[in-house]
Amino acid sequence: MISAYSGTAVRAAEKPLLEAGNGPALMQRAAYGLYAACARELLERRGSLYGARVTVLAGAGNNGGDALFAGARLGRRGAAVTAVLTSAVSHPQALAAFRSAGGRTVELSSAVEECTRLCAASDLVIDGILGTGGKGGLRGPAAELARAFAGLTSGSNPSPVMIACDLPSGVDADTGRADGVHLAADLTVTFGAAKTGLMAGPGAVAAGRIEIIDIGLGTVPGQAVRRLETADLTGLLPSPRKTDQKYSRGVLGIAAGSATYPGAAVLATGAALATGVGMVRYLGPESVCRLINTAHPEAVCATGNVPLAHVQAWLAGPGAGTDEDQRRRALEAMASGLPAVIDADAISCVEPGLGPQVVLTPHAGELTALLIRLGETVTREQIEGDPLRYARRAAELTGATVLLKGWATITASPTGETYSQAEATPWLAAAGSGDTLAGILGALLATTRCNRDADPEPPAGYYAELAAAAASIHGRAGNLAAQAGPLEPSALPAAIRTVLGELAAMREASKRAGRRPKNREWQSVPFNALPRLR
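Notes on the structure follow.

Of all 5 residues making up strand β9 (residues 209–213), 4 are buried, and the element is well covered by its neighbours. Sheet topology places strand β7 (residues 187–191) next to β9; 5 bridges connect them, and they run parallel. Residue pairing across strands places T188 opposite I210, the latter belonging to β9.

Structural data, given as structure tokens:
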């Protein structure tokens, strides 16, 4: 599991080390990790460091120093390195090392056009303009450079690899906000710990891939934003027991779809069945019942009421539209005391006083409407710019767990635990995709409830963790289904089965080998185990 902390918390962890005089050692560890990542990218791109064209965007702070030291190492390997100095002041020791390695420097303030062309013609650009203390986006010549560079690299011409030093310049390290001009990276090499700003909102988009360099900070204070990895999923997802039958494997009740939007119920049901639930009991209009039984004859369909159905969890809302019977069922599901996924049209029924076992799954527009109805003054743009803040606020106001859909899906528990998953492909931005996510989550709530007989009271944040797992499975399945191009949500159940099958196989292989599955999504490099690139 990846744990990310605010830039403020990471600076607090650095403070005693800096006061003890360890600042130069921390910088060298960070700079070497950055250099190693740059060298690897150049070797993969062109096969050699010698003759590679590298541009370092160096600001006045420690990030600029890290970037200059990394550039100096690349220069000593034969790369042609140029530093664009974005401030009148630079880290003196790093600048001296850069120049002694043969690097040349250009003052940005007097040569924005030249520096833009220089970046565009490079094989690799290192972004070291702003660090974790930067607020409010890039300004002045640095903003001009960022705008012009984005324009030059937006066409069909090959773009340089952009590597951000600690975080992309212009992104808020605490929140992921990008109020103003900012740079976007292919790879962010971050030091000490991942920053929360790399896990949410515009910051998650701008960060690209993440590599964490352990520089020896030790424990970082403060609440973490967590990201589940493969090993976490294999340990979290339930598997059938030898003594199981269909009821003990979990029964999910679904109150979704309407005469106007029948397909949502079919998609949610298909996703739930693909996730491994023992049975689906569907409640809704007769016309939708017939459609579901045509596609999924194993589903048990009826037009009844929630209190009379025997299930372990509920899913209500997808495709309900203005159907008053489905609205009533959504209210009954929330009042049942059982775990429940409340999605789409049912979110308009939500009131305060829910429990964490109720998981709301809005997109930014639906969350905007909910918060305004609960007395908050907020716009969709504000939620998209700072999803961490508003997902947490919605959980606080409603008492429910909130899964806020987006490029990085944020899940917030009313007790404060927060997760961010970013496995999704942009091809998942399609009608019906949210219905499949709701089906996955509903199935996990039903099956894990059946597997919690010995521990009926789940720990704080448990439902947020399950919701994050559903988002991860959904994203992985989307990537698998989109390998050949645009995907249809109706193709997701087959991909869900493949993903879950691979996870189950990894779990069994790890049991036999007596170890946990290896994580491959993020790379975390201990400071004493970095590759020795000569």
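Still more ground to cover, so stick around.
What the rule picks out here adds up to 0 disulfides. Cysteine C301 shares no disulfide, and the gap to the nearest cysteine sulfur, in C289, comes to 4.7 Å. As a non-bridged cysteine, C349 has C289 as the owner of its nearest cysteine sulfur, 20 Å distant. Given a relative accessible area of 5%, C349 falls into the buried group.

Attention shifts here to the sheet that holds strand β8 (residues 194–195). A sheet is described by the order of its strands in space; here 12 strands give the open sequence β8-β1-β10-β19-β18-β17-β16-β15-β14-β11-β12-β13, paired in mixed fashion. At either margin of the open sheet sits one strand with a lone partner, and together these are β8 and β13 (300–302). Examined bridge by bridge, strand β14 (residues 313–316) and strand β15 (residues 340–343) share 3 bridges and lie parallel to one another. Residue pairing across strands places L315 opposite V341, the latter belonging to β15. Its contacts with the sheet place helix α14 (residues 387–398) against β10 (225–227), β16 (358–361), β17 (401–404), β18 (409–412) and β19 (418–421), and it is angled at close to 30° to β18.

Of the voids in this model, the largest pocket is the one considered here, and its volume is about 910 Å³. If you trace the largest pocket, you find 41 residues lining it, with H363, K405, G406, L428 and A429 closest to the centre. Every element with two or more residues in the lining of the largest pocket is listed here: α7 (201–207), α9 (263–275), α12 (364–373), α13 (380–385), β18, α15 (433–450) and α16 (462–481). With 4 residues, the single largest contributor to the lining of the largest pocket is α15. When the residues that make up the lining of the largest pocket are grouped by side-chain class, the tally is 21 nonpolar, 13 polar and 7 charged. If you add up the space inside the second largest pocket, you get close to 410 Å³. E14, N62, N63, D66 and D166 are the residues nearest the centre of the second largest pocket, which is lined by 24 residues in total. Of all the secondary-structure elements, those providing two or more residues to the lining of the second largest pocket are α1 (7–19), α2 (23–46) and α3 (62–76). Broken down by element, the residue count for the lining of the second largest pocket peaks at 5 residues, all from α1.

What follows is about the pattern of salt bridges. The full count for this structure, using the stated rule, is 18 salt bridges. One salt bridge in this structure joins R328 and D325, with 3.4 Å as the shortest N-O distance. Taken together, the positions of R328 and D325, both in helix α11 (residues 324–335) and 3 residues apart, correspond to about one turn of that helix. You can call D325 partly exposed: its relative accessible area is 42%. Connected via shared salt-bridge partners are R46, R53 and D123.

Tracing the backbone shows A194 in strand β8. In this structure the C-alpha to C-alpha distance between A194 and G78, which are 116 residues apart in sequence, comes to 31 Å.

This part takes up the packing of aromatic side chains. Using the criterion set out here, one finds 2 aromatic pairs in the structure. Their ring planes at 75° and their centres at 5.4 Å tell us that Y462 and Y463 sit as a pair that is edge-to-face. Here Y462 matches Y463 in class, with each residue buried.

What counts as what
- Residues numbered from 1 in each chain as written.
- Predicted model: local features only at pLDDT ≥ 70, side-chain atom pairs only at ≥ 80, totals over all residues.
- Heavy atoms only, no water.
- Buried < 20%, exposed > 50% of the residue type's maximum accessible area, 1.4 Å probe, protein only.
- Helix = DSSP H or I, 4+ residues; strand = E, 2+ residues; numbered from the N terminus.
- Pairing = 2+ DSSP bridges.
- Disulfide = S-S within 2.5 Å.
- Contact = heavy atoms within 4.5 Å.
- Axes fitted to C-alpha atoms, helices over the stretch in contact; angles between N-to-C directions.
- 1 Å grid on protein atoms, 1.4 Å probe; cavity = no way out; pocket = protein on both sides within 12 Å on 5 of 7 lines; lining within 4 Å.
- Points joined across faces, edges and corners; volume = space filled by probe spheres on them.
- Nonpolar A, V, L, I, M, F, W, Y, C, P; charged D, E, K, R; others polar.
- Salt bridge = Lys/Arg side-chain N within 4 Å of Asp/Glu carboxyl O.
- Phe/Tyr/Trp six-rings, centres within 6.5 Å; stacked < 30°, edge-to-face > 60°.

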